[in-house]
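# Structure assessment
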Amino acid sequence: MLNLKRRQFLASAAAAALLPKPALTFETTEVLEAREGAVSMVSSDYPDTKIWGYNGGVPGPEIRVQQGARVQRRLVNSLDEPTTIHWHGIRIDNAMDGVPGVTQEAVQPNTSFEYDFEAPDAGTYWYHSHFNTTEQISRGLYGALIVEEPNAPEVDHDITVVVDDWRLSQDAQIDPDFNQIHDWSHAGRLGNFLKATLTPALTEVKQNQRLRLRFICVATDRVMNLAMLGMEGMVVALDGMPLDTPTPAELLTLGPAQRADVIVDVTAAQGEKAMIGFISREDPIALASLDISGQASLARRPEIAPLPANPIQRLTSLEGAQTVPLNMEGGAMGGLQSGIYKGQQMTTEELVQNGQIWTLNGVAGLPETPLATVALGETLRIPILNNTAFAHAMHMHGAHFQEVLPDGSFGPLRDTILIERQEAREIAFTASNPGDWVFHCHMLSHQAAGMITWVKVTS
Ligand code: C2O
Ligand code: CU
């Protein structure tokens, strides 16, 4: 240790007083380095898969903080192209939202950016690149962001389950053709290798143990239908936000970016397995399978109770609300005739030449003017018509919304809504977070091909 004599100390203290105080010091800030890495993705029979990941891994390091704590991370860009980080689902300061060209400049190669924000709501969130996402997220630039309740329900294991859909070659390498117009105009870049990563990497549990499973669908474009076998319990939160009334955890449908927290008790007995399966028209695929190593106490567990509510404003009425409809068009079999791109009216053919194939209210790509401008405290209703032949997962930055149900009641708080083809759904929220917030399809191929707009909340 440096042992300064008192006189030297005084001298250096005086010198320091002359220097302008740094606004923030990041000496202890943890780094998220976006860089190349190699991971054993498929099995030891296959070569390692080259990925892009935070600190070289995929998923990136799991971030866990207490509710209300600050998250401080320095993004170091060691890629050959710009990048940013978006903190998905966090009601965040607009300047920390990570949208290049909207809330910050893209972080150039060999430079860094300090993210520093508060996590106001407990729950399951995630972080990911928001630049060239069809490639950067597909290559692995994402991780879990868990905000813990001060009084978390008691469980034996709290497990994050990140579910992804990879498109791999025979030698387990990521298909580098990220921008196929065929994918972009249909259901997106669907993979051929589904993977669930459990953190911690548990391989066995006991019968009767209680688990909290935090599912995060990080797939580029695929909707995940997940089932749990040998476990029984309740969905307690969606997109991070607690449900007032937990619902039985049966089939979980998670569109890209959506999350679900479930609390389950292991019912499988010794010799059986507790499994997470992917359900499709073909045979189910086991994504995770836990051995049962004995039995925990049979002592009756308390009933699974709702999680404590987050300090977020919810809708009570729609009185005085501003209504701005959103019409989704385009894609294959969509019959789109024309659209505006970069301020110019184009035929569908011209749009496709520009890599655009989907429109929101007739505009492909981020429009110059927002979809809506709302004042703080004002309620915005967005009736959405999916006038296309595909499902879309619309994600609002900076706010959670509620669905306005046909009977006039309000659905659970969400940040991403999965809208089936030809479906009409309405969302609404009361603006409480000033800034420019993008609102886009989280099927990243659709986003890249036009499905992105924004909402301005004025202060
Ligand atoms: Cu998780 Cu703009 O996205
Ligand atoms: Cu979409």
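Look above for the structure.
From a predicted model like this one, the values you see are computed outputs, not experimental measurements. (Residues numbered from 1 in each chain as written. Chains lettered and ligands numbered in written order. Predicted model: local features only at pLDDT ≥ 70, side-chain atom pairs only at ≥ 80, totals over all residues. Heavy atoms only, no water.)

Once that is clear, we can look at the overall build of the protein. Scanning the protein for helices and strands turns up 5 helices and 34 strands. Relative to its 459 residues, the protein shows a buried fraction of 54%. In the protein, the proportion of contacts linking residues at least 24 apart, taken out of those at least 6 apart, comes to 75%. Working note: accessible area of the protein is about 20500 Å², and carbon and sulfur atoms make up 51% of it. In the protein, 32 positive and 54 negative side-chain charges are present, and the distance between their average locations comes to 7 Å. (Helix = DSSP H or I, 4+ residues; strand = E, 2+ residues; numbered from the N terminus. Buried < 20%, exposed > 50% of the residue type's maximum accessible area, 1.4 Å probe, protein only. Contact = heavy atoms within 4.5 Å. Areas by Shrake-Rupley, 256 points an atom, 1.4 Å probe, with all protein chains shown as cover. Lys, Arg positive; Asp, Glu negative; His and termini not counted. Charge placed at Lys NZ, Arg CZ, Asp CG, Glu CD.)

Right, let's get into the state of the cysteines. Applying the stated criterion across every chain, the model contains 0 disulfides. Cys 441 supplies the cysteine sulfur nearest to Cys 217, a cysteine that is in no disulfide, at a spacing of 12 Å. Using a relative accessible area of 0% as the deciding quantity, one classes Cys 441 as buried. (Disulfide = S-S within 2.5 Å.)

It is worth spelling out the sheet that holds strand S19 (residues 285–295) at this point. Read from one edge to the other, the open sheet built from 5 strands follows the order S11-S19-S18-S13-S16, with strand pairing classed as mixed. This sheet does not close on itself; its edge strands, each paired only once, are strand S11 (204–207) and strand S16 (252–254). Mean inter-strand twist for the sheet, computed between neighbouring axes without regard to direction, equals 30 degrees. Inspection of the sheet shows S11 paired to S19 by 3 bridges, in the parallel sense. Residue pairing across strands places Gln 207 opposite Gln 295, the latter belonging to S19. (Pairing = 2+ DSSP bridges. Axes fitted to C-alpha atoms, helices over the stretch in contact; angles between N-to-C directions.)

Further remarks concern the side chain of Asn 433. Within the secondary structure, Asn 433 sits in the loop between strand S32 (424–430) and strand S33 (435–441). Note on Asn 433: relative accessible area 14%, which makes it buried. Side-chain polar atoms of Asn 433 contact the backbone oxygen of Gly 398, separated by 3.2 Å. Once residues lying within four places of it in the same chain are set aside, the contact partners of Asn 433 are Arg 91, Ile 92, Leu 376, Gly 398 and Val 457. (Polar contact = N/O pair within 3.5 Å; in protein donor to acceptor, adjacent residues only side chain to side chain.)

Okay, the pattern of salt bridges next. Applying the stated rule across the entire model yields 27 salt bridges. As a salt-bridge pair, Arg 74 and Glu 114 come within 3.0 Å of each other at their nearest N and O atoms. One end of the pair, Arg 74, is in strand S4 (residues 70–77); the other, Glu 114, is in strand S6 (residues 112–118), and 40 residues separate them in sequence. According to the relative accessible area criterion, Glu 114 is partly exposed, its value standing at 24%. (Salt bridge = Lys/Arg side-chain N within 4 Å of Asp/Glu carboxyl O.)

In this section: the coordination of the copper ion (ligand 2). Ligation of the copper ion (ligand 2) by protein atoms is provided by His 392 (ND1), Cys 441 (SG) and His 446 (ND1), these donors lying 2.0 to 2.1 Å from the ion. Within one chain, the residues serving as donors to the copper ion (ligand 2) are arranged as H-x48-C-x4-H. Note that His 392 is positioned in strand S28 (residues 392–396) and Cys 441 in strand S33, a separation of 49 residues in sequence. Taking the relative accessible area as the measure of exposure, His 392 reaches 0% and is therefore buried. (Donors = N, O, S within 2.8 Å, 3.2 Å for Na, K, Ca; no water.)

It is worth spelling out the nonpolar core at this point. Within soluble globular proteins, side chains that are nonpolar generally end up buried alongside one another. Within the largest apolar cluster, 62 residues are counted, with the highest numbers of intra-cluster contacts made by Trp 87, Leu 145, Ile 382, Met 394 and Phe 439. If sequence neighbours within four positions are ignored, Met 394 has contacts with Leu 326, Met 328, Leu 360, Phe 401, Asp 415, Thr 416, Ile 417, Ile 419, Phe 439, His 440 and Cys 441. (Core = buried A, V, L, I, M, F, W, Y, C linked by side-chain atoms within 4.5 Å.)

Right, let's talk about the pairing of strand S8 (residues 142–148) for a bit. Regular strands show a simple pattern: their side chains alternate between the two faces of the sheet. Burial within S8 is extensive, with 6 of its 7 residues counted as buried. Note: strand S3 (residues 63–66) against S8, 4 bridges, orientation parallel. Looking at the pairing, Val 65 lines up with Val 147 of S8. Where strand S7 (residues 123–129) meets S8, 6 bridges bridge the pair, whose relative direction is antiparallel. By the bridge assignment, Thr 124 is partnered in S8 with Ile 146.

Here we take up the packing of aromatic side chains. In this structure the tally under the stated criterion is 7 aromatic pairs. Each ring, one from Trp 87 and one from Tyr 115, has its centre 5.4 Å from the other, and the planes form 70 degrees; the classification is edge-to-face. Taken together, the positions of Trp 87 in strand S5 (residues 85–88) and Tyr 115 in strand S6 put the pair 28 residues apart, joining distant regions of the chain. An identical accessibility class is assigned to Trp 87 and Tyr 115; each is buried. With centroids separated by 4.9 Å and ring planes inclined at 50 degrees, the aromatic side chains of Trp 87 and Phe 117 adopt a geometry described as tilted. Here Phe 117 lies in strand S6 and Trp 87 lies in strand S5, a separation of 30 residues in the sequence. (Phe/Tyr/Trp six-rings, centres within 6.5 Å; stacked < 30°, edge-to-face > 60°.)

Strand order in the open sheet made by the 5 strands is S26-S34-S33-S28-S31, with mixed pairing throughout. Strands at the two margins of the open sheet, each flanked by one partner only, are strand S26 (372–375) and strand S31 (416–419). Each strand of the sheet is rotated relative to its neighbour by a mean of 20 degrees, with strand direction disregarded. As defined by bridge partners, S26 adjoins strand S34 (residues 452–458) across 4 bridges and the pair is classed as parallel. When the sheet's bridge partners are listed, Ala 372 is paired in S34 with Val 455.

Now for unusual backbone geometry. The omega torsion of the bond from Val 58 to Pro 59 falls at -5 degrees, within 30 degrees of zero and hence cis. If you trace the backbone, Pro 59 turns up in the loop between strand S2 (49–54) and S3. We note that Ala 172 has phi near 65 degrees; this positive angle belongs to a residue other than glycine. For Ala 172, the position within the fold is in the loop between strand S9 (157–166) and helix H3 (181–185). Ala 172 gets classed as buried once you look at its relative accessible area, which sits at 1%. Positive phi, normally seen in glycine, also occurs at Asp 239, with a value near 50 degrees. Tracing the sequence through the fold places Asp 239 in the loop between strand S14 (231–238) and strand S15 (241–248). By relative accessible area, Asp 239 is classed as buried at 0%.

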